[in-house]
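A structural walkthrough
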Amino acid sequence: MNFARSNTLQADINVTPLVDVCLVLLIIFMVVMPTIINGVPVKLPAASHSDSGVPPRQLAITVKDDGTVYLGAEAVRREQVPTELQRIHAQAPDRPVAVRADKTLKYGEVVEVLDWCRGAGFADVRLATARADQAH
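Model, not experiment: these values are computed from the prediction. (Residues numbered from 1 in each chain as written. Predicted model: local features only at pLDDT ≥ 70, side-chain atom pairs only at ≥ 80, totals over all residues. Heavy atoms only, no water.)

Moving on: the pairing of strand 2 (residues 59-63). Within strand 2, five of the five residues are buried, leaving the element largely enclosed by the surrounding structure. Looking at chain direction, strand 2 and strand 5 (residues 97-101) are connected through five bridges and run parallel. Opposite Ile61, over in strand 5, you have Val99 as the bridge partner. Alignment of strand 2 against strand 3 (residues 69-71), held across three bridges, turns out to be antiparallel. For Thr62, the partnering residue across the bridge sits in strand 3 and is Tyr70. Where strand 2 hands over to strand 3, the hairpin turn is made up of five residues, of which Gly67 adopts a positive phi near 95 degrees. (Buried < 20%, exposed > 50% of the residue type's maximum accessible area, 1.4 Å probe, protein only. Helix = DSSP H or I, 4+ residues; strand = E, 2+ residues; numbered from the N terminus. Pairing = 2+ DSSP bridges.)

With that settled, consider the environment of Val113. Considering the arrangement of structural elements, one finds Val113 in helix 3 (residues 107-120). Classification of Val113 by relative accessible area gives buried; the value is 0%.

Backbone-to-backbone hydrogen bonds join strands into a sheet, with any given pair of strands oriented parallel or antiparallel. On the basis of which strands lie adjacent, the open sheet formed by five strands has the order 4-3-2-5-6 and mixed pairing. At either end of the open sheet lies a strand with only one pairing partner, and these are strand 4 (74-76) and strand 6 (125-127). Averaged over all adjacent pairs, the angle separating strand axes in this sheet is 25 degrees, with direction ignored. Here three bridges tie strand 5 to strand 6, and the two strands are oriented parallel to one another. What sits directly across from Val97, in strand 6, is Val125. Sitting on the sheet, helix 2 (residues 81-91) is in contact with strand 2, strand 3 and strand 4, with an inclination near 15 degrees to strand 3. (Axes fitted to C-alpha atoms, helices over the stretch in contact; angles between N-to-C directions. Contact = heavy atoms within 4.5 Å.)

With 21 residues, the main nonpolar core has Ile61, Leu85, Val97 and Phe122 as its most contacted residues. Contributing elements (two or more residues each) for this core: strand 2, strand 3, helix 2, strand 5 and helix 3. The element best represented in this core is helix 3, accounting for six residues. Ignoring sequence-local partners within four residues, the contact set of Leu85 consists of Leu59, Ile61, Leu71, Trp116, Cys117, Ala120 and Phe122. (Core = buried A, V, L, I, M, F, W, Y, C linked by side-chain atoms within 4.5 Å.)

Don't take any of this as a statement about function, it's just geometry.
Rendered as structure tokens:
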């Protein structure tokens with residue numbers, strides 16, 4: 001009696017799990033990338049001549065309508081902002097800064113953030129605005 005063994009290995013690759021993982025990663029990147037590129041969402045005031053794009057080397061400081069301050073994408077307590085700005089300035093003193101503030105904020109709150117930037121030693125501090133044709 002001669003029995004044939006059917007325990008041979010299959011050499012083909014099951015690509016269904018690979019495709020599933022790739023699609024999940026694609027969806028995650030599609031959701032996360034706009035936040036990374038644009039920073040914290042905020043309603044900027046409109047200006048007829050503005051440059052709302054923030055170069056990657058530029059430090060984006062965002063002040064939301066509730067007064068929350070973000071250095072890049074990281075939220076920082078208001079009392080820690082001057083210290084953090086001094087730390088960032090020590091690492092890159094010639095780095096330009098763009099302050100993005102919600103249009104509903106009081107003028108004094110925006111000036112306070114500008115003062116912190118200049119107090120830390122940053123020379124190139126700008127206010128970011130949205131283009132008038134893009135404002136909502």
